[in-house]
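Chain by chain, the residues:
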Amino acid sequence: MCHNSAKSSICLLGLLCLIHLLFAQNPGSQQLKMMIPLYVHPSGDNLADWDAVIASAGKIDITVIASTTWSEEGESDSYARILDKLDRAGIPSLAYIPTCYGCGDVAQIKTDISTTWSYYQDNGIDGFFFDQGYSGERNCLSNNEKGKELRECNCFSCNCLKEENGENVYDPDCQQREDYNDCKSCEDWKHIKSQADILSYYTELSDHAKDQANGLTVVINTGTRIKDPAFLQIADVIVTGENAYSELEHLADETENTENADRYAAMLHSSGELTGTQISEAIESLADKNYGSIYMTDESWSKGLPAYWNELIAIIEEHNTPGKFQVRFQDAQGNQQTIYLAPVDQIATIQWGDASNITHLADKMGREAALLDFDGRTNTQAIVEDLDSNYPSAAKRCEDLQAFGQDDWYLPSLGELQAIFQKIGQTPEVFQLKKDQFYWSSTEQTKARAWRQKFDSGGLTSAGLKHIQENAACRCVRK
(Lines give C-alpha, C1' and ligand atoms only; values in the text may rest on other atoms or scores of the structure.)
Protein backbone atom coordinates (compact mmCIF):
# COMPACT_ATOMS: atom_id res chain seq x y z
CA MET A 1 0.00 0.00 0.00
CA CYS A 2 1.31 3.48 -0.88
CA HIS A 3 0.42 6.36 1.43
CA ASN A 4 2.26 9.51 0.34
CA SER A 5 1.86 11.18 -3.06
CA ALA A 6 5.33 10.25 -4.30
CA LYS A 7 4.82 6.61 -3.49
CA SER A 8 1.33 6.74 -4.96
CA SER A 9 2.77 8.01 -8.21
CA ILE A 10 5.31 5.22 -8.23
CA CYS A 11 2.61 2.64 -7.52
CA LEU A 12 0.40 4.03 -10.27
CA LEU A 13 3.29 3.98 -12.72
CA GLY A 14 4.09 0.41 -11.73
CA LEU A 15 0.46 -0.63 -12.20
CA LEU A 16 0.32 0.95 -15.64
CA CYS A 17 3.54 -0.80 -16.62
CA LEU A 18 2.12 -4.10 -15.40
CA ILE A 19 -1.06 -3.60 -17.40
CA HIS A 20 1.02 -2.73 -20.48
CA LEU A 21 3.15 -5.83 -19.97
CA LEU A 22 0.11 -8.07 -19.64
CA PHE A 23 -1.36 -6.77 -22.86
CA ALA A 24 1.99 -6.97 -24.63
CA GLN A 25 2.32 -10.61 -23.60
CA ASN A 26 -1.21 -11.36 -24.74
CA PRO A 27 -1.63 -9.64 -28.11
CA GLY A 28 -4.66 -11.79 -28.86
CA SER A 29 -6.59 -9.78 -26.28
CA GLN A 30 -6.98 -6.87 -28.71
CA GLN A 31 -10.25 -6.42 -30.55
CA LEU A 32 -9.64 -7.26 -34.18
CA LYS A 33 -11.31 -5.25 -36.92
CA MET A 34 -11.74 -6.02 -40.60
CA MET A 35 -10.69 -3.83 -43.54
CA ILE A 36 -12.09 -5.23 -46.78
CA PRO A 37 -10.86 -4.29 -50.27
CA LEU A 38 -14.18 -5.01 -51.95
CA TYR A 39 -13.27 -4.29 -55.54
CA VAL A 40 -16.41 -5.60 -57.23
CA HIS A 41 -18.93 -3.23 -58.75
CA PRO A 42 -22.10 -2.98 -56.61
CA SER A 43 -24.50 -4.30 -59.24
CA GLY A 44 -25.91 -7.58 -60.53
CA ASP A 45 -24.65 -10.74 -58.81
CA ASN A 46 -21.98 -8.72 -57.02
CA LEU A 47 -24.63 -7.10 -54.81
CA ALA A 48 -24.80 -10.35 -52.82
CA ASP A 49 -21.29 -9.68 -51.52
CA TRP A 50 -22.11 -6.14 -50.51
CA ASP A 51 -25.30 -7.33 -48.78
CA ALA A 52 -23.32 -10.01 -46.92
CA VAL A 53 -20.99 -7.35 -45.55
CA ILE A 54 -23.92 -5.18 -44.47
CA ALA A 55 -25.56 -8.20 -42.79
CA SER A 56 -22.41 -8.61 -40.68
CA ALA A 57 -22.67 -5.11 -39.22
CA GLY A 58 -22.55 -5.21 -35.43
CA LYS A 59 -20.74 -8.54 -35.26
CA ILE A 60 -17.28 -7.01 -35.70
CA ASP A 61 -16.00 -3.57 -36.73
CA ILE A 62 -15.77 -3.49 -40.53
CA THR A 63 -14.38 -0.87 -42.91
CA VAL A 64 -14.95 -1.27 -46.66
CA ILE A 65 -12.60 0.01 -49.36
CA ALA A 66 -14.63 0.82 -52.48
CA SER A 67 -12.98 1.33 -55.85
CA THR A 68 -15.17 4.34 -56.54
CA THR A 69 -12.60 6.14 -58.67
CA TRP A 70 -12.66 3.23 -61.08
CA SER A 71 -16.32 3.77 -61.94
CA GLU A 72 -17.00 4.77 -65.51
CA GLU A 73 -19.38 7.45 -66.65
CA GLY A 74 -22.88 6.81 -65.34
CA GLU A 75 -21.75 4.32 -62.69
CA SER A 76 -21.33 6.71 -59.78
CA ASP A 77 -24.99 6.28 -58.82
CA SER A 78 -24.39 2.58 -58.08
CA TYR A 79 -21.64 3.45 -55.65
CA ALA A 80 -23.69 6.27 -54.13
CA ARG A 81 -26.49 3.82 -53.33
CA ILE A 82 -24.24 1.19 -51.80
CA LEU A 83 -22.28 3.75 -49.79
CA ASP A 84 -25.59 5.01 -48.43
CA LYS A 85 -26.47 1.47 -47.35
CA LEU A 86 -23.09 1.00 -45.69
CA ASP A 87 -23.49 4.30 -43.88
CA ARG A 88 -26.95 3.39 -42.57
CA ALA A 89 -25.54 0.07 -41.32
CA GLY A 90 -22.76 1.87 -39.46
CA ILE A 91 -19.99 0.53 -41.72
CA PRO A 92 -17.31 3.11 -42.64
CA SER A 93 -16.18 3.27 -46.26
CA LEU A 94 -12.95 4.47 -47.85
CA ALA A 95 -12.51 5.55 -51.47
CA TYR A 96 -9.75 3.80 -53.40
CA ILE A 97 -7.01 6.13 -54.70
CA PRO A 98 -3.97 4.66 -56.57
CA THR A 99 -0.68 6.50 -56.00
CA CYS A 100 1.67 4.68 -58.37
CA TYR A 101 4.16 3.69 -55.69
CA GLY A 102 5.11 7.26 -54.88
CA CYS A 103 5.57 8.19 -58.53
CA GLY A 104 2.11 9.31 -59.58
CA ASP A 105 1.39 12.88 -60.60
CA VAL A 106 0.51 14.72 -57.39
CA ALA A 107 -1.75 17.25 -59.09
CA GLN A 108 -3.75 14.51 -60.81
CA ILE A 109 -4.11 12.45 -57.65
CA LYS A 110 -5.27 15.51 -55.70
CA THR A 111 -7.83 16.11 -58.44
CA ASP A 112 -8.98 12.48 -58.08
CA ILE A 113 -9.37 12.98 -54.33
CA SER A 114 -11.40 16.17 -54.75
CA THR A 115 -13.57 14.70 -57.50
CA THR A 116 -14.27 11.56 -55.49
CA TRP A 117 -15.21 13.63 -52.47
CA SER A 118 -17.53 15.82 -54.57
CA TYR A 119 -19.30 12.69 -55.82
CA TYR A 120 -19.73 10.87 -52.53
CA GLN A 121 -19.54 13.32 -49.64
CA ASP A 122 -23.30 13.04 -49.15
CA ASN A 123 -23.21 9.24 -49.14
CA GLY A 124 -21.32 8.76 -45.89
CA ILE A 125 -17.81 8.19 -47.26
CA ASP A 126 -15.35 8.28 -44.36
CA GLY A 127 -11.94 8.75 -45.96
CA PHE A 128 -9.43 7.55 -48.53
CA PHE A 129 -7.36 4.44 -49.12
CA PHE A 130 -4.07 5.23 -50.86
CA ASP A 131 -3.09 2.07 -52.70
CA GLN A 132 0.28 1.40 -54.35
CA GLY A 133 2.00 3.07 -51.44
CA TYR A 134 5.75 3.16 -51.07
CA SER A 135 7.86 3.78 -47.98
CA GLY A 136 11.50 3.93 -49.13
CA GLU A 137 13.68 5.41 -51.82
CA ARG A 138 12.22 5.03 -55.26
CA ASN A 139 13.56 5.09 -58.80
CA CYS A 140 10.37 5.79 -60.64
CA LEU A 141 11.55 4.12 -63.83
CA SER A 142 13.57 1.20 -62.57
CA ASN A 143 14.41 -2.16 -64.14
CA ASN A 144 11.92 -3.78 -66.49
CA GLU A 145 8.87 -2.31 -64.78
CA LYS A 146 9.16 1.02 -66.59
CA GLY A 147 6.59 0.47 -69.28
CA LYS A 148 4.27 -1.47 -66.98
CA GLU A 149 4.21 1.24 -64.32
CA LEU A 150 3.82 3.99 -66.91
CA ARG A 151 0.77 2.24 -68.32
CA GLU A 152 -0.70 1.57 -64.89
CA CYS A 153 -0.27 5.21 -63.92
CA ASN A 154 -1.95 6.64 -67.04
CA CYS A 155 1.21 7.99 -68.68
CA PHE A 156 0.13 7.16 -72.23
CA SER A 157 0.09 10.88 -73.06
CA CYS A 158 3.84 10.87 -72.61
CA ASN A 159 5.75 10.21 -75.79
CA CYS A 160 8.50 8.51 -73.83
CA LEU A 161 6.85 5.21 -74.70
CA LYS A 162 7.65 3.07 -77.68
CA GLU A 163 6.24 -0.19 -78.99
CA GLU A 164 8.43 -3.22 -78.47
CA ASN A 165 7.29 -6.83 -78.97
CA GLY A 166 3.71 -5.66 -79.08
CA GLU A 167 3.93 -3.72 -75.79
CA ASN A 168 4.47 -0.10 -74.85
CA VAL A 169 7.76 0.25 -73.00
CA TYR A 170 9.87 3.19 -71.82
CA ASP A 171 12.05 4.68 -74.55
CA PRO A 172 15.41 5.80 -73.10
CA ASP A 173 16.07 7.79 -76.30
CA CYS A 174 12.96 9.91 -75.96
CA GLN A 175 15.06 12.93 -75.02
CA GLN A 176 16.18 13.09 -78.65
CA ARG A 177 12.64 13.57 -79.90
CA GLU A 178 11.33 16.93 -81.00
CA ASP A 179 8.27 16.49 -78.82
CA TYR A 180 10.29 15.66 -75.67
CA ASN A 181 9.05 18.79 -73.93
CA ASP A 182 5.61 17.18 -73.86
CA CYS A 183 7.04 14.43 -71.67
CA LYS A 184 7.38 16.41 -68.47
CA SER A 185 5.21 14.08 -66.41
CA CYS A 186 7.43 11.19 -67.43
CA GLU A 187 10.59 13.20 -66.89
CA ASP A 188 9.51 13.56 -63.26
CA TRP A 189 9.43 9.80 -63.04
CA LYS A 190 13.08 9.47 -63.98
CA HIS A 191 14.33 10.91 -60.70
CA ILE A 192 15.23 8.82 -57.72
CA LYS A 193 13.01 9.92 -54.86
CA SER A 194 14.64 9.91 -51.47
CA GLN A 195 12.97 8.82 -48.25
CA ALA A 196 12.30 12.50 -47.53
CA ASP A 197 10.75 12.93 -51.01
CA ILE A 198 8.44 9.96 -50.44
CA LEU A 199 7.34 11.26 -47.04
CA SER A 200 6.70 14.70 -48.52
CA TYR A 201 4.75 13.14 -51.40
CA TYR A 202 2.35 11.24 -49.13
CA THR A 203 2.12 14.10 -46.64
CA GLU A 204 0.84 16.37 -49.41
CA LEU A 205 -1.72 13.79 -50.51
CA SER A 206 -2.84 13.02 -46.96
CA ASP A 207 -3.18 16.71 -46.08
CA HIS A 208 -5.25 17.30 -49.20
CA ALA A 209 -7.51 14.35 -48.38
CA LYS A 210 -8.09 15.54 -44.83
CA ASP A 211 -8.75 19.07 -46.03
CA GLN A 212 -11.94 17.82 -47.70
CA ALA A 213 -13.70 17.58 -44.32
CA ASN A 214 -13.00 17.18 -40.62
CA GLY A 215 -12.47 13.69 -39.27
CA LEU A 216 -11.69 11.87 -42.51
CA THR A 217 -9.51 8.74 -42.31
CA VAL A 218 -6.42 8.17 -44.45
CA VAL A 219 -4.99 4.68 -44.95
CA ILE A 220 -1.77 4.07 -46.89
CA ASN A 221 -1.11 0.61 -48.29
CA THR A 222 2.65 0.17 -48.51
CA GLY A 223 2.05 -3.58 -48.58
CA THR A 224 5.17 -4.22 -46.56
CA ARG A 225 7.03 -3.00 -43.48
CA ILE A 226 7.56 0.74 -43.32
CA LYS A 227 11.14 2.02 -43.34
CA ASP A 228 10.40 5.20 -41.41
CA PRO A 229 7.99 5.51 -38.46
CA ALA A 230 7.24 9.04 -39.69
CA PHE A 231 4.68 7.37 -41.97
CA LEU A 232 2.51 6.91 -38.90
CA GLN A 233 2.33 10.71 -38.62
CA ILE A 234 0.94 10.90 -42.15
CA ALA A 235 -1.71 8.18 -42.12
CA ASP A 236 -4.17 6.89 -39.55
CA VAL A 237 -3.54 3.28 -40.58
CA ILE A 238 -0.70 1.68 -42.56
CA VAL A 239 -1.15 -1.62 -44.40
CA THR A 240 2.24 -3.13 -43.63
CA GLY A 241 1.21 -6.57 -44.87
CA GLU A 242 -0.40 -7.34 -48.23
CA ASN A 243 0.65 -10.81 -49.29
CA ALA A 244 -0.49 -14.15 -50.52
CA TYR A 245 -1.67 -16.42 -47.71
CA SER A 246 1.39 -18.61 -48.28
CA GLU A 247 3.61 -15.64 -47.32
CA LEU A 248 1.94 -15.08 -43.94
CA GLU A 249 5.08 -15.82 -41.95
CA HIS A 250 7.03 -13.14 -43.84
CA LEU A 251 4.75 -10.25 -42.88
CA ALA A 252 6.01 -7.50 -40.61
CA ASP A 253 5.65 -8.62 -37.00
CA GLU A 254 5.30 -7.14 -33.52
CA THR A 255 8.96 -6.09 -33.47
CA GLU A 256 8.19 -3.76 -36.41
CA ASN A 257 4.52 -3.00 -35.78
CA THR A 258 5.41 -1.32 -32.53
CA GLU A 259 2.61 1.23 -32.12
CA ASN A 260 -0.98 0.53 -31.08
CA ALA A 261 -2.40 -2.34 -33.15
CA ASP A 262 -5.13 -0.06 -34.52
CA ARG A 263 -2.43 1.65 -36.62
CA TYR A 264 -1.62 -1.50 -38.65
CA ALA A 265 -3.58 -3.57 -41.16
CA ALA A 266 -2.84 -6.82 -43.00
CA MET A 267 -4.55 -8.37 -46.01
CA LEU A 268 -4.02 -11.91 -47.26
CA HIS A 269 -5.17 -13.17 -50.67
CA SER A 270 -5.05 -16.37 -52.72
CA SER A 271 -5.53 -18.71 -49.76
CA GLY A 272 -7.64 -21.22 -51.65
CA GLU A 273 -9.99 -23.40 -49.61
CA LEU A 274 -9.27 -23.35 -45.86
CA THR A 275 -10.62 -25.23 -42.85
CA GLY A 276 -11.92 -23.32 -39.85
CA THR A 277 -8.79 -24.30 -37.94
CA GLN A 278 -6.52 -22.89 -40.66
CA ILE A 279 -8.47 -19.63 -40.69
CA SER A 280 -8.22 -19.41 -36.91
CA GLU A 281 -4.48 -20.05 -36.96
CA ALA A 282 -3.95 -17.32 -39.55
CA ILE A 283 -6.02 -14.82 -37.58
CA GLU A 284 -4.18 -15.55 -34.34
CA SER A 285 -0.86 -15.20 -36.16
CA LEU A 286 -1.89 -11.78 -37.48
CA ALA A 287 -3.02 -10.74 -34.00
CA ASP A 288 0.32 -11.89 -32.59
CA LYS A 289 2.06 -9.71 -35.19
CA ASN A 290 0.14 -6.73 -33.76
CA TYR A 291 -2.26 -6.12 -36.63
CA GLY A 292 -5.50 -4.47 -35.53
CA SER A 293 -7.33 -4.66 -38.88
CA ILE A 294 -7.16 -7.82 -40.97
CA TYR A 295 -8.72 -9.51 -43.98
CA MET A 296 -8.33 -12.80 -45.83
CA THR A 297 -9.74 -14.06 -49.10
CA ASP A 298 -9.44 -17.21 -51.15
CA GLU A 299 -8.71 -15.55 -54.51
CA SER A 300 -7.76 -12.03 -55.62
CA TRP A 301 -9.29 -8.79 -54.35
CA SER A 302 -11.27 -8.43 -57.59
CA LYS A 303 -13.18 -11.68 -57.00
CA GLY A 304 -15.34 -10.47 -54.10
CA LEU A 305 -15.77 -12.13 -50.73
CA PRO A 306 -14.19 -15.52 -49.95
CA ALA A 307 -16.23 -18.71 -49.88
CA TYR A 308 -15.45 -18.89 -46.15
CA TRP A 309 -16.83 -15.40 -45.40
CA ASN A 310 -19.26 -16.52 -42.67
CA GLU A 311 -16.60 -18.62 -40.98
CA LEU A 312 -14.15 -15.71 -41.10
CA ILE A 313 -16.64 -13.42 -39.34
CA ALA A 314 -17.46 -16.04 -36.70
CA ILE A 315 -13.81 -16.76 -35.90
CA ILE A 316 -13.03 -13.06 -35.45
CA GLU A 317 -16.13 -12.78 -33.24
CA GLU A 318 -14.78 -15.63 -31.11
CA HIS A 319 -11.36 -13.97 -30.93
CA ASN A 320 -12.91 -10.70 -29.79
CA THR A 321 -15.36 -12.29 -27.35
CA PRO A 322 -14.05 -15.70 -26.20
CA GLY A 323 -16.92 -18.01 -25.35
CA LYS A 324 -19.40 -16.05 -27.45
CA PHE A 325 -20.87 -19.25 -28.90
CA GLN A 326 -22.15 -20.84 -25.69
CA VAL A 327 -25.21 -22.74 -24.49
CA ARG A 328 -26.42 -23.08 -20.91
CA PHE A 329 -28.71 -25.97 -19.97
CA GLN A 330 -29.66 -28.50 -17.30
CA ASP A 331 -28.29 -32.02 -17.60
CA ALA A 332 -30.15 -35.23 -16.69
CA GLN A 333 -29.36 -34.74 -13.00
CA GLY A 334 -30.64 -31.17 -13.02
CA ASN A 335 -27.16 -29.63 -12.88
CA GLN A 336 -26.52 -26.36 -14.67
CA GLN A 337 -23.94 -26.72 -17.42
CA THR A 338 -22.36 -24.44 -19.99
CA ILE A 339 -20.78 -25.67 -23.17
CA TYR A 340 -18.84 -23.57 -25.64
CA LEU A 341 -18.97 -24.32 -29.34
CA ALA A 342 -16.09 -23.84 -31.71
CA PRO A 343 -17.24 -20.95 -33.93
CA VAL A 344 -17.14 -23.03 -37.13
CA ASP A 345 -17.40 -26.66 -38.21
CA GLN A 346 -14.11 -28.52 -37.95
CA ILE A 347 -14.84 -30.51 -41.09
CA ALA A 348 -17.82 -30.89 -43.40
CA THR A 349 -17.65 -34.67 -43.73
CA ILE A 350 -15.85 -37.23 -41.58
CA GLN A 351 -16.39 -40.79 -40.38
CA TRP A 352 -17.45 -41.52 -36.81
CA GLY A 353 -15.26 -44.62 -36.58
CA ASP A 354 -14.68 -48.07 -38.02
CA ALA A 355 -16.85 -51.09 -37.34
CA SER A 356 -15.16 -51.83 -34.03
CA ASN A 357 -17.23 -51.82 -30.90
CA ILE A 358 -16.21 -49.10 -28.45
CA THR A 359 -15.92 -51.30 -25.38
CA HIS A 360 -15.56 -48.34 -23.02
CA LEU A 361 -18.91 -46.90 -24.15
CA ALA A 362 -22.35 -48.05 -23.06
CA ASP A 363 -24.61 -48.40 -26.12
CA LYS A 364 -27.69 -46.17 -26.10
CA MET A 365 -30.22 -48.20 -28.05
CA GLY A 366 -33.26 -46.06 -27.35
CA ARG A 367 -33.68 -42.43 -28.21
CA GLU A 368 -34.69 -41.39 -24.71
CA ALA A 369 -31.61 -42.96 -23.18
CA ALA A 370 -29.39 -41.37 -25.83
CA LEU A 371 -30.81 -37.92 -25.13
CA LEU A 372 -29.87 -38.32 -21.45
CA ASP A 373 -26.20 -38.68 -22.38
CA PHE A 374 -24.45 -35.42 -21.44
CA ASP A 375 -20.88 -36.71 -21.09
CA GLY A 376 -19.32 -36.02 -24.46
CA ARG A 377 -15.84 -35.60 -23.04
CA THR A 378 -15.77 -39.12 -21.55
CA ASN A 379 -17.27 -40.51 -24.76
CA THR A 380 -14.59 -38.81 -26.84
CA GLN A 381 -11.77 -40.19 -24.73
CA ALA A 382 -13.27 -43.71 -24.96
CA ILE A 383 -13.64 -43.56 -28.74
CA VAL A 384 -10.06 -42.36 -29.25
CA GLU A 385 -8.75 -44.98 -26.83
CA ASP A 386 -10.53 -47.90 -28.51
CA LEU A 387 -9.93 -46.91 -32.13
CA ASP A 388 -6.55 -47.01 -33.79
CA SER A 389 -4.66 -43.89 -32.68
CA ASN A 390 -4.23 -42.83 -36.31
CA TYR A 391 -7.85 -43.39 -37.34
CA PRO A 392 -9.27 -40.06 -38.61
CA SER A 393 -12.48 -40.13 -36.59
CA ALA A 394 -14.67 -37.19 -35.58
CA ALA A 395 -13.71 -37.77 -31.94
CA LYS A 396 -10.00 -37.76 -32.80
CA ARG A 397 -10.43 -34.55 -34.76
CA CYS A 398 -11.89 -32.82 -31.69
CA GLU A 399 -9.44 -34.25 -29.18
CA ASP A 400 -6.50 -33.08 -31.31
CA LEU A 401 -7.97 -29.63 -31.97
CA GLN A 402 -5.88 -26.71 -30.75
CA ALA A 403 -7.63 -23.59 -31.96
CA PHE A 404 -9.59 -20.52 -30.94
CA GLY A 405 -7.29 -20.10 -27.97
CA GLN A 406 -8.17 -23.49 -26.41
CA ASP A 407 -7.01 -27.12 -26.51
CA ASP A 408 -9.66 -29.02 -24.49
CA TRP A 409 -12.21 -29.71 -27.23
CA TYR A 410 -14.31 -32.86 -27.51
CA LEU A 411 -17.09 -34.36 -29.66
CA PRO A 412 -20.43 -33.52 -27.99
CA SER A 413 -22.85 -36.20 -26.82
CA LEU A 414 -26.37 -36.40 -28.24
CA GLY A 415 -27.80 -34.79 -25.11
CA GLU A 416 -25.43 -31.84 -25.55
CA LEU A 417 -26.26 -31.49 -29.24
CA GLN A 418 -29.96 -31.55 -28.40
CA ALA A 419 -29.37 -28.84 -25.77
CA ILE A 420 -27.76 -26.70 -28.49
CA PHE A 421 -30.74 -27.32 -30.74
CA GLN A 422 -33.20 -26.36 -28.01
CA LYS A 423 -31.23 -23.14 -27.46
CA ILE A 424 -31.08 -21.94 -31.05
CA GLY A 425 -34.37 -23.29 -32.35
CA GLN A 426 -34.66 -23.09 -36.10
CA THR A 427 -31.91 -20.50 -36.53
CA PRO A 428 -28.73 -22.61 -36.53
CA GLU A 429 -26.98 -19.99 -38.64
CA VAL A 430 -26.42 -17.90 -35.49
CA PHE A 431 -23.82 -20.53 -34.51
CA GLN A 432 -22.72 -21.16 -38.11
CA LEU A 433 -24.42 -24.56 -38.02
CA LYS A 434 -25.76 -25.72 -41.37
CA LYS A 435 -29.47 -26.48 -41.65
CA ASP A 436 -29.07 -29.22 -44.23
CA GLN A 437 -26.22 -31.03 -42.48
CA PHE A 438 -26.13 -33.92 -40.01
CA TYR A 439 -23.66 -33.58 -37.11
CA TRP A 440 -22.03 -36.46 -35.29
CA SER A 441 -22.53 -36.96 -31.59
CA SER A 442 -20.17 -39.06 -29.50
CA THR A 443 -23.09 -41.23 -28.34
CA GLU A 444 -22.94 -44.77 -29.73
CA GLN A 445 -26.13 -46.72 -30.40
CA THR A 446 -24.73 -50.09 -31.44
CA LYS A 447 -21.44 -51.51 -32.66
CA ALA A 448 -22.24 -50.31 -36.17
CA ARG A 449 -24.29 -47.19 -35.53
CA ALA A 450 -24.00 -43.85 -33.76
CA TRP A 451 -26.37 -41.00 -33.09
CA ARG A 452 -26.39 -37.76 -35.03
CA GLN A 453 -28.23 -34.44 -34.87
CA LYS A 454 -29.77 -32.20 -37.48
CA PHE A 455 -30.63 -28.57 -36.79
CA ASP A 456 -33.30 -27.75 -39.36
CA SER A 457 -36.41 -29.19 -37.70
CA GLY A 458 -37.93 -29.16 -34.22
CA GLY A 459 -38.28 -31.69 -31.46
CA LEU A 460 -36.64 -35.06 -31.06
CA THR A 461 -37.11 -35.92 -34.71
CA SER A 462 -33.99 -33.93 -35.45
CA ALA A 463 -31.92 -36.66 -33.75
CA GLY A 464 -31.23 -39.52 -36.12
CA LEU A 465 -28.93 -42.48 -36.79
CA LYS A 466 -26.24 -43.01 -39.34
CA HIS A 467 -23.88 -45.87 -40.08
CA ILE A 468 -20.59 -45.04 -38.40
CA GLN A 469 -18.54 -45.55 -41.56
CA GLU A 470 -20.60 -43.00 -43.46
CA ASN A 471 -19.96 -39.28 -43.20
CA ALA A 472 -21.43 -36.37 -41.28
CA ALA A 473 -20.15 -32.99 -40.10
CA CYS A 474 -18.16 -32.37 -36.94
CA ARG A 475 -18.49 -29.43 -34.53
CA CYS A 476 -16.33 -29.59 -31.44
CA VAL A 477 -17.28 -28.19 -28.04
CA ARG A 478 -15.68 -27.61 -24.64
CA LYS A 479 -16.76 -26.84 -21.07
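Residues numbered from 1 in each chain as written. Predicted model: local features only at pLDDT ≥ 70, side-chain atom pairs only at ≥ 80, totals over all residues. Heavy atoms only, no water.

### Looking at the overall build of the protein
- Scanning the protein from terminus to terminus reveals 13 helices and 20 strands.
- When the 479 residues of the protein are sorted by exposure, 49% land in the buried category.
- Contacts spanning at least 24 positions in sequence make up 72% of the contacts within the protein whose residues lie at least 6 apart. (Helix = DSSP H or I, 4+ residues; strand = E, 2+ residues; numbered from the N terminus. Buried < 20%, exposed > 50% of the residue type's maximum accessible area, 1.4 Å probe, protein only. Contact = heavy atoms within 4.5 Å.)

### Brief notes about unusual backbone geometry
- One non-glycine residue, Y101, lies in the positive phi region at around 60°.
- Topologically, Y101 is positioned in the loop between strand 3 (93-98) and helix 4 (106-120).
- Notably, N290 is not glycine yet its phi reads approximately 75°, a positive angle.
- Mapped onto the secondary structure, N290 falls in the loop between helix 8 (276-288) and strand 12 (293-296).
- For N290, a relative accessible area of 14% corresponds to the buried category.

### Structural notes on the environment of F231
- Tracing the backbone through its elements, the reader meets F231 in the loop between strand 9 (217-221) and strand 10 (237-244).
- Each residue touching F231, except ones within four places of it in the same chain, is listed here: Y134, S135, Q195, I198, L199, Y202, I220, T222, I226 and I238.

### A word on the sheet that holds strand 14 (residues 336-341)
- Read across the open sheet, the three strands follow the order 13-14-20; overall the sheet is antiparallel. With one partner strand each, in any of the chains shown, strand 13 (326-330) and strand 20 (477-478) form the two edges of the open sheet.
- Pairing analysis gives five bridges linking strand 13 to strand 14, with the strands arranged antiparallel. Of the residues in strand 14, the one forming a bridge with F329 is Q337. (Pairing = 2+ DSSP bridges.)

### What to know about the confidence of the model for the protein
- Of all residues in the protein, 78% have pLDDT values of 70 or greater, and the mean over the chain is 81.
- Note that pLDDT drops below 50 for residues 1-28; the model gives that stretch 10 contacts with residues more than four away or on any other chain.
- Across residues 141-159 the pLDDT falls below 50, and counting only partners more than four positions away or on other chains, this stretch makes 38 contacts in the model. (pLDDT = per-residue confidence, 0-100.)

### Section: the nonpolar core
- Membership of the largest hydrophobic core comes to 121 residues, with the highest contact counts inside it found for M34, I62, F129 and I420.
- Look past the residues within four positions of F129 in its chain and what remains in contact with it is M35, Y39, I65, L94, A95, Y96, I97, V219, N221, V239 and M267. (Core = buried A, V, L, I, M, F, W, Y, C linked by side-chain atoms within 4.5 Å.)

### Observations concerning the packing of aromatic side chains
- Evaluated as defined, the whole model comprises 11 aromatic pairs.
- A centroid spacing of 6.4 Å and a plane angle of 45° characterise the contact between F421 and F455, whose relative ring orientation is tilted. Linking F421 in helix 13 (residues 414-424) with F455 in the loop between strand 17 (449-454) and strand 18 (463-467), this pair joins segments that are 34 residues apart in sequence.
- For F421, a relative accessible area of 4% translates into the label buried.
- Taking the ring centre of F438 as reference, the NZ or CZ of R452 above it sits at 2.9 Å.
- In this structure, R478 is placed above the aromatic ring of W409, and the distance from its NZ or CZ to the ring centre is 5.9 Å. (Phe/Tyr/Trp six-rings, centres within 6.5 Å; stacked < 30°, edge-to-face > 60°. Lys NZ or Arg CZ within 6 Å of the ring centre and 35° of its normal.)

### Points about the sheet that holds strand 11 (residues 264-269)
- Spatially, the eight strands close up into a barrel ordered 1-2-3-4-9-10-11-12, and their pairing is parallel. Averaged over all adjacent pairs, the angle separating strand axes in this sheet is 25°, with direction ignored.
- For strand 1 (residues 33-38) and strand 2 (residues 62-66), the ladder comprises five bridges, and the chain directions are parallel. Within the sheet, the bridge partner assigned to M35 lies in strand 2 and is T63. (Axes fitted to C-alpha atoms, helices over the stretch in contact; angles between N-to-C directions.)

### Points about the state of the cysteines
- On inspection of all chains with the given rule, the structure shows one disulfide.
- One disulfide bridge connects C398 with C476, the sulfur atoms lying 2.0 Å from each other. With the S-S bond torsion at -90°, the cross-link from C398 to C476 turns out left-handed. Highlighted residues: C398 in helix 12 (residues 394-400) and C476 in the loop between strand 19 (471-474) and strand 20, separated in sequence by 78 residues. An identical accessibility class is assigned to C398 and C476; each is buried. (Disulfide = S-S within 2.5 Å.)

### With respect to the pairing of strand 11
- Within strand 11, five of the six residues are buried, leaving the element largely enclosed by the surrounding structure.
- Strand direction decides the pairing type here: strand 11 and strand 12, joined by four bridges, are parallel. Residue A265 lies in a different strand from strand 12, and its bridge partner there is S293.
- A crossover links strand 11 with its parallel partner strand 12, the connecting element being helix 8, and its sense is right-handed. (Right-handed = clockwise from strand over helix to strand, strands pointing away.)

### What about the side chain of S293?
- Inspection of the secondary structure assignment puts S293 in strand 12.
- Residues in contact with S293, not counting those within four places in the same chain, are K33, M35, Y264, A265 and A266.

### Here's the deal with the pattern of salt bridges
- Summed over the entire model, instances satisfying the criterion amount to 12 salt bridges.
- The partner of D262 in a salt bridge is K33, with the nearest N and O atoms 3.9 Å apart. Highlighted residues: D262 in the loop between strand 10 and strand 11 and K33 in strand 1, separated in sequence by 229 residues.
- With a shortest N-O distance of 3.9 Å, K434 and E311 are connected by a salt bridge. Of the two residues, K434 sits in the loop between helix 13 and strand 16 (438-446) while E311 sits in helix 9 (residues 309-320), which places them 123 residues apart along the sequence.
- Taken together, the salt bridges that share partners define one network made up of E311, D345, K434 and R475. (Salt bridge = Lys/Arg side-chain N within 4 Å of Asp/Glu carboxyl O.)

### Quick word on the packing of helix 2 (residues 47-55) against helix 3 (residues 76-88)
- Running from amino to carboxyl end, helix 2 crosses helix 3 at an angle of 20°, the nearest separation of the two axes being 10 Å. Accordingly, the angle class assigned to the pair helix 2 and helix 3 is roughly parallel. Here helix 2 runs over helix 3; the crossing is right-handed. Facing helix 2, whose interface residues are L47, W50, D51 and I54, helix 3 presents Y79, I82, K85 and L86.
- Each residue belonging to the contact of helix 2 with helix 3 can be placed in one class, and the counts come to six nonpolar, no polar and two charged. (Parallel < 35°, antiparallel > 145°, perpendicular 65-115°, else oblique. Left-handed = near helix turned anticlockwise from the far one by under 90°. Nonpolar A, V, L, I, M, F, W, Y, C, P; charged D, E, K, R; others polar.)

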